[in-house]
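Given next are the chains, with one letter for each unit.
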Amino acid sequence: MIAAKQSSSRADYGIDAPLFVLELIVFGAIAVSLAIAARAFLGPRQPWFFVGLGSGLSLICTAVVMLWGSKVAKLSLRERVLQRLDLRGDERVLDVGCGRGLFLIGAAKRLTTGKAIGIDLWQTQDQSGNSPQITLQNARAEGVADRVEIKTSDARQLPFDGNAFDVVVSSWALHNIYQPNERAQALREILRVLKPGGRLGIVDIRHTAEYEVVLRENGVEEIKRSGPSFIFLIPTFILFAKKRSVAT
Ligand SMILES: C[S@@+](CC[C@H](N)C(=O)[O-])C[C@H]1O[C@@H](n2cnc3c(N)ncnc32)[C@H](O)[C@@H]1O
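Residues numbered from 1 in each chain as written. Predicted model: local features only at pLDDT ≥ 70, side-chain atom pairs only at ≥ 80, totals over all residues. Heavy atoms only, no water.

Undergrad: Give a detailed account of the packing of helix α1 (residues 18–42) against helix α2 (residues 47–85), specifying residues and quantitative values.
TA: Running from N to C, α1 and α2 point in directions that differ by 155°, and their axes come no closer than 7 Å. The orientation of α1 relative to α2 falls into the category roughly antiparallel. Relative to α2, α1 is oriented so that their crossing is left-handed. When the residues that make up the contact of α1 with α2 are grouped by side-chain class, the tally is 20 nonpolar, four polar and one charged. (Axes fitted to C-alpha atoms, helices over the stretch in contact; angles between N-to-C directions. Helix = DSSP H or I, 4+ residues; strand = E, 2+ residues; numbered from the N terminus. Parallel < 35°, antiparallel > 145°, perpendicular 65-115°, else oblique. Left-handed = near helix turned anticlockwise from the far one by under 90°. Nonpolar A, V, L, I, M, F, W, Y, C, P; charged D, E, K, R; others polar.)

Undergrad: So, the packing of aromatic side chains: which residues are in play, and what are the values?
TA: All chains considered together, the criterion is met by three aromatic pairs. A centroid spacing of 5.1 Å and a plane angle of 75° characterise the contact between F49 and F50, whose relative ring orientation is edge-to-face. Between F160 and F165, the ring centres sit 4.9 Å apart and the planes meet at 85°, which makes this aromatic pair edge-to-face. As far as the burial class goes, F160 and F165 line up, both buried. (Phe/Tyr/Trp six-rings, centres within 6.5 Å; stacked < 30°, edge-to-face > 60°. Buried < 20%, exposed > 50% of the residue type's maximum accessible area, 1.4 Å probe, protein only.)

Undergrad: Before we move on, can you summarise the packing of α2 against helix α3 (residues 102–109) with the specific residues and values?
TA: Any two packed helices are characterised by how steeply their axes cross, that is the angle between the axes, and by the distance between the axes. Following both chains from N to C, one finds α2 and α3 inclined at 50°, their axes separated by 10 Å at the closest point. With respect to their mutual orientation, α2 and α3 come out oblique. Here α2 runs over α3; the crossing is right-handed. Here α2 contributes K74, L75, L77, R78, V81 and L82 to the contact with α3, which in turn contributes L102, F103, I105, G106 and A107. Along the lines of polarity and charge, the residues of the contact of α2 with α3 split into eight nonpolar, one polar and two charged. (Contact = heavy atoms within 4.5 Å.)

Undergrad: Residue-level account of the domain arrangement of the protein, with values.
TA: For the protein, the assigned domains are domain 1 (18–68) and domain 2 (76–243). Using C-alpha coordinates to define each centre, domain 1 is positioned 37 Å away from domain 2. The partner domain 2 presents eight residues to the five residues of domain 1 that form the contact. Summed over both sides, the interface of domain 1 with domain 2 buries roughly 510 Å², with 78% coming from carbon and sulfur. Its largest share of buried area at the contact with domain 2, domain 1 owes to P18, V65 and M66, together 70% of the area lost on that side. The interface formed by domain 1 and domain 2 contains zero salt bridges. At four residues, α2 tops the list of elements feeding residues into the side of domain 1 that touches domain 2. For the side of domain 1 that touches domain 2, a count of residues per class yields four nonpolar, one polar and no charged. (Domains from an automatic or database assignment. Buried area = accessible area lost by both parts, 1.4 Å probe. Salt bridge = Lys/Arg side-chain N within 4 Å of Asp/Glu carboxyl O.)

Undergrad: Any details on the pattern of salt bridges? Residues and values, ideally.
TA: As enumerated under the stated definition, the model contains 17 salt bridges in all. When the shortest N-O distance is used, the salt bridge between E79 and R110 registers 2.7 Å. Note that E79 is positioned in helix α2 and R110 in the loop between α3 and β3 (115–120), a separation of 31 residues in sequence. The class for E79 is partly exposed, based on a relative accessible area of 30%. Between R183 and E210 there is a salt bridge, with the nearest N and O atoms lying 2.8 Å from each other. With R183 in helix α5 (residues 180–193) and E210 in helix α6 (residues 208–217), this pair connects stretches of sequence that are 27 residues apart. Here the salt bridges share partners, and the residues they tie into one network are D12, K71 and R100.

Undergrad: Go over the site of the ligand, please, and point to the residues and values.
TA: Taken together, 23 residues sit near the ligand, with K74, G97, D120, N130 and S171 positioned nearest. Q123 places a main-chain nitrogen or oxygen 2.8 Å from an oxygen atom of the ligand. For the ligand, a nitrogen atom lies 2.9 Å from a polar atom in the backbone of A155. Here the ligand loses 98% of its free accessible area of 600 Å² to cover by the protein chains. Per-class residue counts for the shell around the ligand are nine nonpolar, eight polar and six charged. (Near = heavy atom within 4 Å. Polar contact = N/O pair within 3.5 Å; in protein donor to acceptor, adjacent residues only side chain to side chain. Areas by Shrake-Rupley, 256 points an atom, 1.4 Å probe, with all protein chains shown as cover.)

Shown next as structure tokens:
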């Protein structure tokens, strides 16, 4: 496991789906340019001008919303989730697919004697500049290096003993596992490493209804699924749950 040391630059949690955002900007700019060219060469009342301008601006606006989601809205959503998990300070918290450390570091800030541990595969197509070094740099920048550890690992096969964590969080990570049975495997791994009575906070797009079913089938109680939040336009849902304390 890699532990972090202190330093003093600012944390930067990167941009989610950076290539998609870049494509939106490039294709948006091309569409606007073609619209302007159509107007210049074919005349002012050209339908192509309005089609090009409308689609180009829509693509660019989508990119702007996604950038705002990554840079602004994710931070306040993180605080809402961590607030709800109500950490005492002495817990062992696991962040599955921690990326550059948004939830990992947010949790570590709420810990005193506890530890926040993050695992990830550091895929740069999922988050810009994704790497263990950057995550540790962010932990140093936020002054929580002594409470943070990271490990390179796959969510489908967590490198921990069972019942090792009081709290598990995961944000916008599990949808990057494309097969439903493999997402279910990752959820079962999360439950395996969570202590009985331990709490879970999963934030994700697309598959949270499916996660709810898998969690119910695998010994979880008090499941609550939030209403949608549109910070990346595609709805994000938050699942809170608790692993059963005793077998029933
Ligand atoms: C969109 S980023 C979100 C990162 C971070 N949780 C956040 O909210 O900023 C998704 C993360 O999931 C990680 N990831 C994708 N598939 C994974 C897997 N099978 N196991 C572990 N991490 C994975 C990616 O490497 C990436 O860091």
